[in-house]
Amino acid sequence: MNPAMFSRSAISAAGQALRPRRNPLLSPRFAALQKAFISSETRKAIDKAVGTAPVVLFMKGTPETPQCGFSRASIQILGLQGVDPQKFTAFNVLEDEELRAGIKEYSDWPTIPQLYVNNEFVGGTDIMMSMHQDGSLAKLLEEKDVLVEAEGSEASTPSP
């Protein structure tokens, strides 16, 4: 019997040859199956949640007590933009594991927080930050009429 046959390097080399180089379940062929993992009940609940207000944020924690830096940053960005609190709601994904996993599949976005405006997915904190910096978030929120009315604006000024 050859002792080299069972050496660590021989076993390691054999294992390398048998292992696929990438996970076949991550291939596009299985994308449809992965989307099917979210239950229809969870999908309906998320559809309903996304439609509860013009601006919806799925976050870790609450607006008053965010539980991660990205959620805190998202709330700060929305505050700086002047989003009307009457047109905003947030959902704490830490309270419901099914929501936490389901929202990622629903949007096909891997991270939380996630922002929706008028039922459309906008993005996570990185996208919000970029849009905030280039002015496109302000434009989107103004177009969707979700900002607090400025004092002295035409809408609040009585006509003669």
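Throughout, residues of each chain are indexed from 1 in the direction in which the sequence is written. In keeping with the predicted nature of the model, local features appear solely for residues at pLDDT of at least 70, side-chain atom pairs appear and are counted solely at 80 or more, and the whole-chain, interface and lining totals rest on all residues. Side-chain measures here rest on the full set of heavy atoms in the structure, leaving out hydrogens and waters.

Enquirer: Looking at this model, I keep getting lost on helix α5 (residues 97-107). Mind explaining?
Expert: Given 3.6 residues to a turn, an α-helix orients residues that are three or four positions apart in the same direction. For the exposure calls, accessible area comes from a 1.4 Å probe over protein chains only, and a residue counts as buried if that area is under 20% of its type's maximum, exposed if over 50%, partly exposed in between. Each helix corresponds to a stretch of at least 4 residues labelled H or I by DSSP, and each strand to a stretch of at least 2 residues labelled E; elements are numbered beginning at the N terminus. Along α5, the positions that sit buried rather than exposed are L99, G102, I103 and S107. Around the axis of α5, the buried residues are gathered within 115° of arc, so they sit on the same side. For α5, the elements touching its buried residues are α3 (40-50), β1 (55-59), β2 (88-92), β3 (114-117) and β4 (120-123). A 3.5 Å cut-off defines polar contacts: any pair of N or O atoms within that distance qualifies, except that in protein one atom must be a possible hydrogen donor and the other a possible acceptor, and neighbouring residues in sequence count only when both atoms are side-chain atoms. N-cap assignment for α5: the residue whose side-chain oxygen lies 3.0 Å from the backbone N of E98 is D96. Remark: D108 follows α5 within two positions and exhibits a positive phi of approximately 60°. In this description, one arc is meant: the one made by directions from the helix axis to the C-beta atoms. A contact between two residues is defined here by any heavy atoms of the two lying within 4.5 Å.

Enquirer: Any chance you could explain the side chain of S71 here in plain terms?
Expert: For S71, the location among the structural elements is in helix α4 (residues 69-81). Beyond its immediate stretch of four places on either side in the chain, S71 contacts M59, K60, P66 and P113.

Enquirer: Where do I start with the sheet that holds β1 in this structure?
Expert: Whether parallel or antiparallel, the strands of a sheet pair through hydrogen bonds between backbone atoms. Taking strand neighbours across the sheet as the criterion, the 4 strands line up as β2-β1-β3-β4 in an open arrangement whose pairing is mixed. Only two strands of the sheet have a single partner each, and these edge strands are β2 and β4. The mean angle between the axes of side-by-side strands here comes to 25°, regardless of whether they run parallel or antiparallel. Paired strands are those between which DSSP finds at least two bridges. In this sheet, β2 lies alongside β1 in parallel orientation, the contact comprising 5 bridges. Residue M59 lies in a different strand from β2, and its bridge partner there is N92. Note on method: axes are straight lines fitted to C-alpha atoms, helices fitted across the in-contact stretch only, with angles between N-to-C directions ranging 0 to 180 degrees. Packed on one face of the sheet, α3 meets β1, β2 and β3 and runs near 130° to β1. Those strands touched by α4 are β1, β2 and β3, and its axis lies near 165° from that of β1.

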